[in-house]
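Take a look at the letters that make up each chain.
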Amino acid sequence: MRSRSESNALSVHAIAGTRVVILGLNLKQKDDESGDSSPSTTLSAMLSGLTVAEDANGADIAASESSLPEKNGQSPSHDVSVGFAIDRRDISSGKSTSLNFDGRPIQKFHYGDYTVEPGHQYEYSVRRMIKAPSRSRYSFFSRPKYVAVGSPLVVTVTTEDPSTAKHGVYFNRGAAGSQAYAEKFGEFRKWHRVNKYGTPHWTSTINPLTIPDPAKKKEACAWLSRGLEEALLEFISQAKDSSWQLRVTAYEFTHKEVIHAFAAAVERGVDVKIIHHVKGSHRPKTRYNDVVKDKDGKVVKEWVPDKTTSDTQRAIDAVGFQSLDHARIWHHDTFIERHTSSIMHNKFIILLRDGTPVELWTGSTNFTESAFYGQSNVGHIVRDEGIAQQYLTYWNKLALDPPGRSKRHSGSSHDEEDAVPMDEINEQLQPDPAGAQPHDSITVFFSPRKTSDLLNWYADRMGDAADSVHFTAAFGVSQPLARVLVLNHDGKLSNEVGVRRSPRIARRIKTDDKLLRYILLDSQPSEHSSEKSRASAEKKGRGNDYCDYFDFKKLNSNRIAYGAVLSGRMDELEDVASSSAHSEALTGLSTFVDFVHTKFMVIDALTDNPTIITGSANFSIASTEQNDENMLVVQGDTAVADVYFTEFMRLFDHFYSRDKRNESLGKGSKSPRPRAWIDVVEDDSWMKPYFDPSNQLFRERVLLS
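Residues numbered from 1 in each chain as written. Predicted model: local features only at pLDDT ≥ 70, side-chain atom pairs only at ≥ 80, totals over all residues. Heavy atoms only, no water.

What to know about the side chain of Ser441
Assignment of secondary structure puts Ser441 in strand β24 (residues 441-447). With near-sequence residues (within four places) excluded, Ser441 lies in contact with Val633, Val634 and Gln635. (Helix = DSSP H or I, 4+ residues; strand = E, 2+ residues; numbered from the N terminus. Contact = heavy atoms within 4.5 Å.)

Quick look at the structure:
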């Protein structure tokens, strides 16, 4: 839901998701679009205008600050504004909460409230803050340093309820490495010496599954899951008896609670069928450390499953049943092995009643502990029989284990009719699109596909963005998307980017100076890896077209963050044992992707016709041409866009602030400490970047307003 309120000097734009509300603040300044503002002389005066508001009848009313004493012969309305005071009231309970940490002013033009609940109505009141006058009627013993003054600007919003809407979208916390998690559960921290990427170092983890106190363990898991695990278990539990069916695809399948939920469904008589990833390789067989050979002296080879396959099989085998009949159903009739694709990367569930598809669960969430309690993930329910039927048609084809791509047709063990490869099937189910999708529509795409045209289509949609792009990339940015990101707002290559201009790329761009593209990565890219990839592209004759993070990070239209925890200055960490008990730590459950595992893109999120692309695929060549994947394209649904947008901004702001602080504290760094981690700026200079057209914060202020 979106709501807007304005006074004579300030506007507030509230965007409500399910568990996040973003407030975009803006001064009503005529020259915003022209970029001719002069913050040094006008900002404080404009904020002073907030001390006068309009009542319901439109008449000016005196601000409450008039009751404050004068200072040096002037009223406090002439004092420098040092930020905003924001209060929230839950309308149903009447409970009011100040959102100003420790009474300090909020010194930015957008604020994220991450403590709201789904399906609640909230009222936000915004006022300006000034330094408290030296002489006042406040208590001499508890006088605050900063005072909220003026009549409040009020805006009311209702958060989305994912349990009842057509789209139910659930995000986990995805920020285990946070100060809040360390403060809540830091007493259970454990130190480890690890050798990741060949460099031994000390690290600490706070693993919720090893917390000895059952109540604390449950609390930690619930805090990290943030409703995602609970929603999935509730989705499965809807299948009550033998009249229900569950059709499932699983890549990683090790989470005990989820596995037990499917096992319990089998015991209730539900018809459960689960397609899961099974891959491996043939390796020399060994016995007592010796290679086994046959009578002719040839090396005997045996099939060895990959780790994902072996972990899944162990988890399946670990389930016990009171009834032998149920145990036999579980082991002989429930699981279908998917061998012939590159990776069976889907993670969706179709709920059926009496054979009719009813609802769908999809998204990025694997059925693992790390997916719920570690890296960021999303679960997306679609309560639409037509969409569920499309997934069921695809599932039925996938269950036959046909080859993934046409070139593997001859290697199939199925007869000719069943062996039609999945790339052909998928393009029959949904051909590659030719342009933007119709307003108020849901389109489904399955992979693998014959070509990378679908990936290029995603790049085209990104290139069509008029206002904004919000994009998560767990495994880096593929070339079609990177080539869009190296273009300026006018469709021209940045002078700092040494990449040949492509007419095809240039045709994608239809933007203006307001464009801001947010990119959230799992980790900071390596210069060494970039150089290797660029050298490889040059060997193939594609060097002039190659571009990556080190190219597109230079553009002012790209705002980039990557997963991180707060670190101390490197030369201050000689004694790890002396580190603060509240220093940030991950759960230790993720072995590959620590921070960002979501795969979604939101284009023009705050317009009336946003595009949301979400699912299991990583916007890569492999996910488009090789893997079994599924993606939803939701066009024009502002409620869905609001949920994805607010959750994206929550994660982006969390990691961006850590990135900047860590950069400033790096060994040998001369960068100043970022504003987010220092004391309050006690004049209006904090506002200047927001009114400097060359600064990304200027674009962000305009976008969110």
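Having seen it, we continue.
Considerations on the nonpolar core
One finds Leu246, Phe253, Phe262, Trp330 and Ile349 to be the most contacted residues of the largest nonpolar core, which totals 49 residues. In terms of residue count, helix α5 (residues 256-267) provides more of this core than any other element does, seven residues in total. Setting aside anything within four residues of it in sequence, one finds Phe262 in contact with Ile236, Leu246, Val248, Phe253, Val272, Ile274, Trp330 and Ile349. Formed by 33 residues, the second largest nonpolar core is a distinct cluster that contains Phe445, Val469, Ile519 and Phe550. (Core = buried A, V, L, I, M, F, W, Y, C linked by side-chain atoms within 4.5 Å. Buried < 20%, exposed > 50% of the residue type's maximum accessible area, 1.4 Å probe, protein only.)

As for the side chain of Ser11
When you line up the elements, Ser11 lands in strand β2 (residues 10-16). Exposure remark for Ser11: the relative accessible area of 6% places this residue in the buried category. Apart from the residues lying within four places of it in its own chain, the contact partners of Ser11 are Ser5, Glu6, Gly24, Leu25, Asn26, Lys28 and Leu153.

A short note on the pattern of salt bridges
In the structure shown here, the tally under the stated rule is 24 salt bridges. Note that Lys307 is salt-bridged to Asp311, the shortest N-O span being 2.6 Å. One end of the pair, Lys307, and the other, Asp311, are both in helix α6 (residues 307-317), four residues apart, so they sit about a helical turn from each other. On the basis of relative accessible area, Lys307 is assigned to the exposed category, the value being 60%. Note that Asp548 is salt-bridged to Arg534, the shortest N-O span being 3.7 Å. Pair noted here: Asp548 is in the loop between α14 (527-539) and α15 (549-552) and Arg534 is in helix α14, with a separation of 14 residues, a long-range link. Accessibility expressed as a relative area gives 23% for Arg534, which makes it partly exposed. Among the charged side chains, a salt-bridge network with shared partners connects Lys131, Lys145 and Glu682. (Salt bridge = Lys/Arg side-chain N within 4 Å of Asp/Glu carboxyl O.)

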